[in-house]
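# Coordinates in review
Spelled out, the chains give:
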Amino acid sequence: SRNALKCNALEFENSLSFAVGKKFQLDDVIEAQQFDREVLSSIFDVAREMEKIEKKSPGSQILKGYLMATLFYEPSTRTRLSFESAMKHLGGEVLTTENAREFSSAAKGETLEDTIRTIEGYSDIIVMRHFESGAAKRAAATASIPIINAGDGPGQHPTQALLDVYTIEREIGKLDDIKVGLVGDLANGRTVRSLAYLLAKYQNVKIYFVSPDVVKMKDDIKDYLTSKGVEWEESADLMEVASKCDIVYQTRIQKERFGERIDLYEEARGKYIVNKDVMKVMQKHAVVMHPLPRLDEITVDVDTDPRAAYFRQAKNGLYIRMALLKLLLVGW
Amino acid sequence: SRNALKCNALEFENSLSFAVGKKFQLDDVIEAQQFDREVLSSIFDVAREMEKIEKKSPGSQILKGYLMATLFYEPSTRTRLSFESAMKHLGGEVLTTENAREFSSAAKGETLEDTIRTIEGYSDIIVMRHFESGAAKRAAATASIPIINAGDGPGQHPTQALLDVYTIEREIGKLDDIKVGLVGDLANGRTVRSLAYLLAKYQNVKIYFVSPDVVKMKDDIKDYLTSKGVEWEESADLMEVASKCDIVYQTRIQKERFGERIDLYEEARGKYIVNKDVMKVMQKHAVVMHPLPRLDEITVDVDTDPRAAYFRQAKNGLYIRMALLKLLLVGW
Amino acid sequence: SRNALKCNALEFENSLSFAVGKKFQLDDVIEAQQFDREVLSSIFDVAREMEKIEKKSPGSQILKGYLMATLFYEPSTRTRLSFESAMKHLGGEVLTTENAREFSSAAKGETLEDTIRTIEGYSDIIVMRHFESGAAKRAAATASIPIINAGDGPGQHPTQALLDVYTIEREIGKLDDIKVGLVGDLANGRTVRSLAYLLAKYQNVKIYFVSPDVVKMKDDIKDYLTSKGVEWEESADLMEVASKCDIVYQTRIQKERFGERIDLYEEARGKYIVNKDVMKVMQKHAVVMHPLPRLDEITVDVDTDPRAAYFRQAKNGLYIRMALLKLLLVGW
């Protein structure tokens, strides 16, 4: 009967080298700027391990007993599901709040800080989406448990940036010496801005901006790239860029940014479409990425091309989030 | 220590004969027409096994490590809870999306196919409710994981049909040689239409339609029954039908179908009520069923009659859904 | 291989003395009046045990295999999360319904009783929040499984009352011979009314009411206290009360109760603020409590004072709810 006491599944897990590790150097995941090249590389190694975890294997129980709260002040089903799936793939549990605005409703008026102090009493980690830039940083300043920023208004969405870079590495095999075409809405796309920022950490990266005039990449990013020695140029010729690049990163033109100028939107929207013709000029090893959702900026007939990487990219979000949850909760 | 490695609960489960089985012959559950008599019978056998699974028994962990996504484009708390309870009774986990419309919002405009390709990266099976007829079939055509249709608009709701037939077998002990009275809104009731369809698979079934004139059973079903050699008749005399039937299947008159003709609704609604008087003429072994929710088409004083089977019927939904989840995910 | 069959984690748990116990004397938790002094004391003992349960310990699996449904007819994210966290801390699972009103929508019109009979088929315990006073009692009269009232309209919120008393015991070390100042909206605050009620069960308790004239404590509670021999007085001097009390229990002035009389609200709201000056006159061992959310009736600079007990109080809600779930589902 002493044997019976010893041999339960939980103790078993603890004996695994990767279940209890060295503390992750970050307390929270707030913005893409936190990550240097080395940390990125290590996170990607963990994400690769996550890809290999099988159902019912001990690895699938690394976070058993841990509780993640998804504190979403605005709905984002896609992002929320990805995080919740990640937590559950590692044996962890989830508390879901899709209507977190209620906490701070006009009538009640609780501060974000007070909400965080309450939720941290119920959970081990908070994944937070907010409509205000900087909210995640404020939450992290208050919380005694890790905060992951799942998007704060026009601000940051660091796990999207990480999964984009991870996808490039998975698909192309390297992050140095690559050519990346960023296409579509470069003015408003949080995604492409963060990606440009992270790519600057690598050697000999060349970036092409291909976008309708009304939604061009802004100067702050261009200046940043220049200051970091990253070569970039603007082009109006998607075919030529596609033929040269390792990555064509297409994005959706965001209708909601055009207000009543539907004419401008329609013009911008139809301008650069990734279709079979574009695929024909792309190199064999090159891939198309997209943060999703897409409208028709990539035609559906491209989906069956093995170089269409966007659904694999979405799936990589799962592995990156598994890796971050693991690292923040139990360390390396 | 090799012993210690061996004796975890997970391996233990794998040693059970019913945990890993022969593949279920269906990849998805889309419409009642998929099921022939033999498959129905086998599913019902599994549902019976499900009834016997006890808390903390190995059977309660058959789906440990599996993740079900409930992708509901319109709310249906009752159906959603039944599926989520089924999954959790088998040790599985759930990702909930009650506001799946957001995925395909006007502003963003993602196709159902793209949404499915994203969600299938996060889960092992998708239970889907949609406002458009045929949506589940489209999802299944795209998905590489099983899809269960939890209702698609005016179309199908196959798990409801299955639990209805299962309930008849459980309550009456047979599906051949039975008399069934379908009462209430037969024009708009998805439930009674599917049930009539499935009953046609059995021998010597007689169906009575009892409904207000404005909501009579439509010709397509009548013709179908005739073509299959199923005897049916219409009757205006609920008492007489109730005295002859094994099953009185009552349904709610759906107010929302009457638009501004409240007068017609009120007339239809009061016409055929199952009350103590009806129970008096019913046979001892006969039962009353109802898909719920009910208004006053069955009076509350009937609830304590042992022949009131509608809450047992709701509970059977749990077992049928457990059986389907088990079959689709780990086979027979 | 017989060994392998024996040593699974589930059997292991069953061997623990506290996993299966004597039945709890209450079937449901409906109102604060149910609890006498002895039962309160025993529940608090269990809550203390709950505080000590560690991640991955056998205690964290006491409710494995149990399913709690949160049936919320009006949203209350704070309360819902607290219950769901409690259930998950004990290894139990949760079915969430935040939009339970849908069940009984005008169009469908299902009774609460029918809804309960359906949900009890899917779960082992129901935590229910409703907009109508008395709804929880009606649910309990119908249900064959335990019901916990998580607030029913202007009626009861018994788990809040329990956690308040538990917090006093944890912070002050006793419930007899204490002085409690109830401050703020005493007319509408369900919390302070229940607390006054429960405090009457203890010896030599003195209560001070400090509130703006428009929201004074009502006579029913004053009469009740008097009938139980509890000393109370009204005061307009927060400083003096604070200097004498063991507990200063501050509450939010509820704007929604003032309708269009914003002027009255603003006057009431600013009248009694717990700030650094109040803390200065409070005794060393005394504490400030608040049911949260707060607006500015306690200034933020008080938060760092060790006597600010309100976030510990929120956390105690977790332990009280863990204790009640444990007691109702598996007994003492």
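Everything here concerns the structure above.
Everything in this summary refers to the structure shown in the same document. No experiment lies behind these values; they were computed from the predicted model shown.

The rules behind each value
Residues numbered from 1 in each chain as written. Chains lettered and ligands numbered in written order. Predicted model: local features only at pLDDT ≥ 70, side-chain atom pairs only at ≥ 80, totals over all residues. Heavy atoms only, no water. Phe/Tyr/Trp six-rings, centres within 6.5 Å; stacked < 30°, edge-to-face > 60°. Helix = DSSP H or I, 4+ residues; strand = E, 2+ residues; numbered from the N terminus. Buried < 20%, exposed > 50% of the residue type's maximum accessible area, 1.4 Å probe, protein only. Lys NZ or Arg CZ within 6 Å of the ring centre and 35° of its normal. Salt bridge = Lys/Arg side-chain N within 4 Å of Asp/Glu carboxyl O. Axes fitted to C-alpha atoms, helices over the stretch in contact; angles between N-to-C directions. Parallel < 35°, antiparallel > 145°, perpendicular 65-115°, else oblique. Contact = heavy atoms within 4.5 Å. Nonpolar A, V, L, I, M, F, W, Y, C, P; charged D, E, K, R; others polar.

## Observations regarding the packing of aromatic side chains
Across all of its chains, the model carries 21 aromatic pairs over all chains by this definition. Arranged with centres 5.3 Å apart and planes meeting at 50°, the rings of F44(B) and Y166(B) form a pair that is tilted. Taken together, the residues span a long stretch of sequence, with F44(B) in helix α3 (residues 37–52) and Y166(B) in helix α7 (residues 158–172) at a distance of 122 residues. On the basis of relative accessibility, which here comes to 0%, the residue Y166(B) falls in the buried class. Directly above the aromatic system of Y66(B) lies the positively charged group of K55(A), at a separation of 4.8 Å from the ring centroid. In this arrangement the basic side chain of R321(C) is found over the ring face of F83(C), its NZ or CZ atom lying 4.9 Å from the centre.

## Some remarks on the pattern of salt bridges
Per the stated rule, a full pass over the model turns up 87 salt bridges over all chains. Of the charged contacts, one joins E98(A) and R80(A) as a salt bridge, the two residues approaching to 3.2 Å between their closest N and O atoms. In this pair, E98(A) sits in the loop between β2 (93–97) and α5 (112–119) while R80(A) sits in helix α4 (residues 77–89), placing the two residues 18 residues apart along the sequence. A salt bridge links E171(C) to R312(C); the shortest N-O distance between them is 2.7 Å. With a gap of 141 residues between them, E171(C) in helix α7 (residues 158–172) and R312(C) in helix α13 (residues 310–330) connect regions that are remote in the sequence. Residue class for E171(C) comes out partly exposed when judged on its relative accessible area of 22%.

## Focus: the packing of helix α3 (residues 37–52) of chain C against α7(C)
Residues and elements named next belong to chain C. In contact at an axis separation of 11 Å, α3 and α7 are set at 75° when each is read in the N-to-C sense. With respect to their mutual orientation, α3 and α7 come out roughly perpendicular. Between α3 and α7, the residues in contact are L40, I43, F44, A47, R48 and E51 and L162, V165, Y166, E169 and R170, respectively. When grouped by side-chain class, the residues that make up the contact of α3 with α7 number seven nonpolar, no polar and four charged.

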